[in-house]
Amino acid sequence: MAKAADLSEFDREPIVMARRFGTSITETARLVGFSRSAVVSIHAKWINDGDTSSRRQGVGRPRVFKETGRRSLFRLVQQNRRQTVAQLTAQYNAGPSASVSEHTVKQTQLNMGLRSRRPTRVPLFTKCHRQLRLQWAREHRDWTMDECKRVAWSDESRFLIHDVDGRVRVRRLLGEQLLPSCTAGHTQAGGGGILLSGTFSWAALGPVVVVEQTMKAANYLKIIADQFHLYMAFVFPTGNRNFQQDNAPCHKARIVLEWFEEHTDEFHLMSWPPNSPDLNPMERIWDIMERQLRAQTPPCPNISILRDRCLDIWYNLSPVIIMYQKLVASTPRRVAAVLKAKGGATRY
């Protein structure tokens, strides 16, 4: 017959009920189908402890981190999310708790859901930025897919020879990527590199231009007039389309704005809120290019090879039209995310 330690909670309750109603030990054992010793043990436990749960010791090594230790470790992570496992272990072992190994700390963090990730890049917002972003999102909350398809999206991004900030990591739980302690400013580290200016739309990937010096208004106007103008005429032959650009100083220069005014019969210049890379689907294309560039070996030794690799990655993206369409289709969700964040940072 089964021993008391082997019985489930479901099996234990009838024994207690039978004994409470005055049924004898022998009769109770016959009714439930268990040994007399099991009936005696379970009933005695109920009398002494007020419950019938089994406290049987489990097998294997006991956990090094008790619940209080896990909370202490989590507080250490929250204090500085950029600490390495070695630093966390040393800081934890400096306290009154028992010493633990780096392996134990690493495994405990994983079990707690803490993962090591690169900091989320978000721009720094002022109160005015939030208000303007929120206002823009409200004006475009009813955007249809047809309206999104009639936009050519553009942006610039700098690619470096060395990814000097690639080793920085933060430890965070799922959903914590926008916490201030888990983010970094939306800027890339310095170093030798090139600036790419590109555009795309629902229909096709557009041209990309390499700018090896600082982008001036005259340089940007030349790119617009010589490259992007032809692309707009090709993908939107009937006119009445929109061109998106951010609020970089070269974009807002007088000569650039005057050029757009001269071509309003072909396309319109979209209004754009400040500090809003999360609203521009071009950012996703730059992110894909950055990942592919860093996956290549050996690393780029000079500017010339960096330029060739970036152009090769860009033009090999061309056949993936469905990717552009998915990015454009994400625009309403991006707008909704800004509305939900009240003009603050979003995960896009």
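The protein chain is annotated in an unreviewed UniProt entry as Transposable element Tc1 transposase from Araneus ventricosus. Within the UniProt record for the protein chain, the comment given under Subcellular location (unreviewed entry) is "Nucleus".

### Focus on the overall build of the protein chain
Counting its secondary structure elements, the protein chain contains 14 helices and nine strands. Here the protein chain holds 348 residues, and 41% of them are scored as buried. Restricting the contact set of the protein chain to residue pairs at least 6 apart, pairs at least 24 apart contribute 75%. A total of about 19,600 Å² of accessible surface is found on the protein chain, and carbon and sulfur atoms cover 53% of it.

### Topic: the nonpolar core
Counting 36 residues, the largest nonpolar core has F200, I285 and M289 as its most contacted members. Mapped by element, the contributors of at least two residues to this core are α7 (127-139), β3 (151-160), β6 (193-200), β7 (205-211), α11 (282-295), α12 (303-316), α13 (321-329) and α14 (331-340). Looking at which element gives the most residues to this core, the answer is α11, with six residues. Excluding its chain neighbours within four sequence positions, the residues that come into contact with F200 are V151, A152, W153, L205, G206, Y231, P281, M282, I285, Y324, L327 and V328.

### What about the pattern of salt bridges?
A complete count under the given rule lists seven salt bridges for this structure. When the shortest N-O distance is used, the salt bridge between R30 and E27 registers 2.4 Å. Taken as a pair, R30 and E27 lie in helix α2 (residues 25-32) at a separation of three residues, close to a single helical turn. Overall, the relative accessible area of 55% leaves R30 in the exposed class. According to the relative accessible area criterion, E27 is partly exposed, its value standing at 30%. Notably, a salt bridge pairs D287 with R291, separated by 3.0 Å at the nearest N-O pair.

### A look at the packing of helix α5 (residues 85-93) against helix α6 (residues 102-111)
Two elements in contact, α5 and α6, have axes separated by 9 Å at closest approach and are oriented at 105 degrees. In terms of orientation, α5 lies roughly perpendicular with respect to α6. On α6, the residues touching V85, A86, L88 and T89 of α5 are E102, V105, K106 and Q109. When grouped by side-chain class, the residues that make up the contact of α5 with α6 number four nonpolar, two polar and two charged.

### Focus on the packing of aromatic side chains
Inspection of the entire model under this criterion finds twelve aromatic pairs. A centroid spacing of 6.4 Å and a plane angle of 80 degrees characterise the contact between W143 and W153, whose relative ring orientation is edge-to-face. In this pair, W143 is assigned in the loop between α7 and α8 (145-149) and W153 in strand β3, connecting sequence segments ten residues apart. Here W143 matches W153 in class, with each residue buried. Considering the side-chain rings of F260 and F267, the 6.1 Å spacing of their centres and the 75 degrees angle between planes classify their relative orientation as edge-to-face. Of the residues examined, F260 reaches a relative accessible area of 4% and is grouped as buried. You can call F267 buried: its relative accessible area is 4%. Joined through ring pairs, the aromatic side chains of F228, F243, W259, F260 and F267 make up one cluster. One residue, K149, lies across the ring of W202, its end atom 4.4 Å from the ring centre.

Rules used in this analysis
Residues numbered from 1 in each chain as written. Predicted model: local features only at pLDDT ≥ 70, side-chain atom pairs only at ≥ 80, totals over all residues. Heavy atoms only, no water. UniProt positions renumbered as here; feature names shortened; annotations may be inferred. Helix = DSSP H or I, 4+ residues; strand = E, 2+ residues; numbered from the N terminus. Buried < 20%, exposed > 50% of the residue type's maximum accessible area, 1.4 Å probe, protein only. Contact = heavy atoms within 4.5 Å. Areas by Shrake-Rupley, 256 points an atom, 1.4 Å probe, with all protein chains shown as cover. Core = buried A, V, L, I, M, F, W, Y, C linked by side-chain atoms within 4.5 Å. Salt bridge = Lys/Arg side-chain N within 4 Å of Asp/Glu carboxyl O. Axes fitted to C-alpha atoms, helices over the stretch in contact; angles between N-to-C directions. Parallel < 35°, antiparallel > 145°, perpendicular 65-115°, else oblique. Nonpolar A, V, L, I, M, F, W, Y, C, P; charged D, E, K, R; others polar. Phe/Tyr/Trp six-rings, centres within 6.5 Å; stacked < 30°, edge-to-face > 60°. Lys NZ or Arg CZ within 6 Å of the ring centre and 35° of its normal.

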